[in-house]
Amino acid sequence: MSRKSDLAPDKASLRSIALARRAAMPSAAREAAAEMAAANALDWLGEVSGEVVSVFAAIGSEIPTAPLVRRLRAAGASIALPVVVECGKPLLFRLWEPGEELVLSSGPGRLQIPVPPETAPAVSPDVLVVPLAAFDALGNRLGYGGGFYDRTLALLRRAKRVEAVGYAFAVQQLPTVPVEAHDERLDAIATDAGIVLPAGE
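If you're wondering where the values come from, they're calculated on a predicted model, not measured in any experiment.

Caption draft 1: Inspection of the side chain of arginine 94 at higher detail. With respect to the helices and strands, arginine 94 occurs in strand E3 (residues 92-95). Although buried, arginine 94 forms no salt bridge, and the nearest oppositely charged side chain, glutamate 118, lies 5.7 Å from it. In this structure arginine 94 touches Ile79, Ala80, Leu81, Val83, Pro116, Pro117, Glu118, Ala120, Pro121, Ala122 and Val123, once residues within four positions along its chain are discounted.

Okay, structure coming up:
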C-alpha cells in the first residue's frame, strides 16, 4: 500500500494547471476581471486610510494590480512593494507612489521584478496583498515555491496584527491545494468572482 505522502498532489503539476488557465485568459477578460477583483478586495478590506498596504507588481500573466492600487490610494492607503533580499530570507517592503519609476531586481529563478529604488523608505505593512499560483475553496494558497510570503508573514505576525489577502483570477481555483505545516494562513482570497474565506471563517 502507498504511503499517504505518495498520494499527495504534486505541487508542480497543480501550479502548471492553474498557471495555464491564467495565461489563456484573453486580454479584455483579464482587464475586466482585474477591475472586479480590485473592487471585491477593497470591499472586504474596508477602512484602509492611514494603513500601509503591500501590493505586488504583477509580472507575466499575473492579475494586474493597477486597479487595486488606484482604489487603495483613493481610500487613503500608502502603497509598498515587496523586495527580495535573498533566497531563504523574508521580504523587505519599500514605500512606492504610483507613477514613480521602478527598478528591476533579480528575484527567484533570476526573474526581473520591478521594485522601488533603494532610496525609498523601508516600512512594515499593515496589509499584504499576496500573489499566488493556485488556491482552493477552503482558502488554501499554492505559491510559486520560494516560501517568501510564508517566512515574511510568520515574522510580521510575531510583531503585530497584519492582514494577508491572496489576490488572483477565479480561474486559478483548483479542487484542492495541499497544505504543509509551514504554510501561513491567509485571511481571505480576493478574485473577480468574489471573496474566498478560509475554512471555519
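Caption draft 2: Highlighting the sheet that holds strand E2 (residues 78-83). The strand order E3-E2-E1-E6-E9-E10-E11 describes an open sheet built from seven strands, whose pairing is mixed. Each of the sheet's edge strands pairs with one partner strand only, and the pair in question is E3 and strand E11 (194-196). The average undirected angle you get between the axes of adjacent strands in this sheet is 30°. In the sheet, strand E10 (residues 188-191) pairs with E11 via three bridges, with the strands oriented antiparallel. Its bridge partner lying in E11, threonine 191 is registered against glycine 194. Against the sheet, helix H3 (residues 27-45) contacts strand E6 (127-130), strand E9 (163-167), E10 and E11, and its axis sits at roughly 160° relative to E9. Helix-sheet contacts for helix H5 (residues 148-159) involve E2, E3, E6 and E9, and the interaxial angle to E6 is about 170°.

Caption draft 3: Just the layout of surface pockets, in detail. Estimates place the volume of the largest pocket at around 870 Å³. A breakdown of the residues in the lining of the largest pocket according to their chemical character gives 24 nonpolar, seven polar and 10 charged.

Caption draft 4: Spotlight on the pattern of salt bridges. Tallied over the full model, the rule gives eight salt bridges. Glutamate 180 is the partner of lysine 11 in a salt bridge, and the nearest nitrogen-oxygen pair spans 2.3 Å. In this pair, lysine 11 is assigned in helix H2 (residues 11-23) and glutamate 180 in the loop between E9 and E10, connecting sequence segments 169 residues apart. The class of glutamate 180 is partly exposed, set by a relative accessible area of 37%. With its nearest N and O atoms 3.2 Å apart, the salt bridge here joins aspartate 126 to lysine 160. In this pair, aspartate 126 is assigned in the loop between strand E5 (112-115) and E6 and lysine 160 in the loop between H5 and E9, connecting sequence segments 34 residues apart. Salt bridges linked by common partners bring Glu35, Arg70 and Arg71 together as one network.

Caption draft 5: Looking closely at the packing of H3 against helix H4 (residues 66-74). H4 packs onto H3 with a crossing angle of 35° between their chain directions and a minimal axis gap of 8 Å. In the packing of H3 onto H4, the handedness of the crossing is right-handed. Contacts between H3 and H4 involve Ala34, Glu35, Ala38, Ala39, Ala41, Leu42 and Leu45 on the former and, on the latter, Pro67, Leu68, Arg70, Arg71 and Leu72.

About the cut-offs
Residues numbered from 1 in each chain as written. Predicted model: local features only at pLDDT ≥ 70, side-chain atom pairs only at ≥ 80, totals over all residues. Heavy atoms only, no water. Helix = DSSP H or I, 4+ residues; strand = E, 2+ residues; numbered from the N terminus. Buried < 20%, exposed > 50% of the residue type's maximum accessible area, 1.4 Å probe, protein only. Lys, Arg positive; Asp, Glu negative; His and termini not counted. Salt bridge = Lys/Arg side-chain N within 4 Å of Asp/Glu carboxyl O. Contact = heavy atoms within 4.5 Å. Pairing = 2+ DSSP bridges. Axes fitted to C-alpha atoms, helices over the stretch in contact; angles between N-to-C directions. 1 Å grid on protein atoms, 1.4 Å probe; cavity = no way out; pocket = protein on both sides within 12 Å on 5 of 7 lines; lining within 4 Å. Points joined across faces, edges and corners; volume = space filled by probe spheres on them. Nonpolar A, V, L, I, M, F, W, Y, C, P; charged D, E, K, R; others polar. Left-handed = near helix turned anticlockwise from the far one by under 90°.

This is a description of form; function is not addressed.
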